Structure formats: structure tokens, C-alpha cells
Amino acid sequence: MDSDADFEQKRHDQLTTAPKATEADAEPRIRVSETADGTKRIDWRDDAEVSPSSGDDADYPAER
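Fair warning: this is a prediction, and the values are worked out from it, not measured in the lab.

**Let's talk about the overall build of the protein chain**
The helix and strand inventory of the protein chain stands at 1 helix and 2 strands. Put simply, the protein chain runs from its N terminus to its C terminus through helices and strands in the order α-β-β. A buried classification covers 5% of the 64 residues belonging to the protein chain. Summarising the internal contacts of the protein chain: among those between residues at least 6 apart in sequence, 0% fall at separations of at least 24.

**Notes on the pattern of salt bridges**
Per the stated rule, a full pass over the model turns up 2 salt bridges. The residue Lys10 makes a salt bridge to Asp6 at a minimum N-O spacing of 3.4 Å. Here Lys10 and its partner Asp6 are both found in helix α1 (residues 3-16), 4 residues apart, which amounts to about one turn of the helix. Residue classification places Lys10 among the exposed positions, given a relative accessible area of 53%. Residue classification places Asp6 among the partly exposed residues on the basis of a relative accessible area of 29%. Where Arg41 meets Asp43, a salt bridge forms, and the shortest distance between an N and an O atom there is 2.7 Å.

**A closer look at the pairing of strand β2 (residues 40-44)**
Of the strand pairs in this sheet, strand β1 (residues 30-34) and β2 are connected by 5 bridges, and their pairing is antiparallel. Within β2, the position partnered with Ser33 by the bridge is Arg41. The hairpin formed by β1 and β2 contains 5 residues between the paired strands, and Gly38 there has a positive phi angle of roughly 95 degrees.

**Describing a nonpolar patch on the surface**
On the surface, a cluster of nonpolar side chains totalling about 410 Å² of accessible area is made up of Ile30, Val32, Ile42 and Trp44. Considering the arrangement of structural elements, one finds Ile42 in strand β2. Judged by its relative accessible area of 58%, Ile42 falls in the exposed class.

**Structural notes on the environment of Arg11**
Counting through the fold element by element, Arg11 comes out in helix α1. When the C-alpha atoms of Arg11 and Ala26 are compared, they prove to be 7.4 Å apart, with 15 residues separating the residues in sequence. The residues contacting Arg11, other than those within four sequence positions of it, are Ala26, Glu27, Pro28 and Arg29.

Calculation criteria
- Residues numbered from 1 in each chain as written.
- Predicted model: local features only at pLDDT ≥ 70, side-chain atom pairs only at ≥ 80, totals over all residues.
- Heavy atoms only, no water.
- Helix = DSSP H or I, 4+ residues; strand = E, 2+ residues; numbered from the N terminus.
- Buried < 20%, exposed > 50% of the residue type's maximum accessible area, 1.4 Å probe, protein only.
- Contact = heavy atoms within 4.5 Å.
- Salt bridge = Lys/Arg side-chain N within 4 Å of Asp/Glu carboxyl O.
- Pairing = 2+ DSSP bridges.
- Patch = residues over 30% accessible without salt bridge, like charges linked within 9 Å, V, L, I, M, F, W, Y side chains within 5 Å.
- Areas by Shrake-Rupley, 256 points an atom, 1.4 Å probe, with all protein chains shown as cover.

Structure, rendered in C-alpha cells:
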């Protein structure tokens, strides 16, 4: 098993071992792209179940 496949398998195992975990918990959340000049860009996927918030979202008040 190569290192990329090994990493993905370990990631999957870690994210799906909790008692209430589902396969959706292991779905990719980011998209990595590279421009012609070699610059890498990392973006949150539009279809990600979980993504960071700006912190001002009224539906998810900060825990104190």
C-alpha cells in the first residue's frame, strides 16, 4: 500500500470509529488545486457536510 492510500485508509478509520460515526464523516471537506505557476490553493468544498464558520452565524452561537 503506498503512502497516499495508507494515509487515506488511516484517515477513514479514524473518522469512522466513533460509535455514532457514519461514512459521511470521512468524506473529503477540502479541494486542493494548483495553478500553472505552481501556487496551491485550498478551498472548502461546497458539498462538505462540515465547514468553518465566520463566527457571526446566529444559528451556531459560540460556546462559552
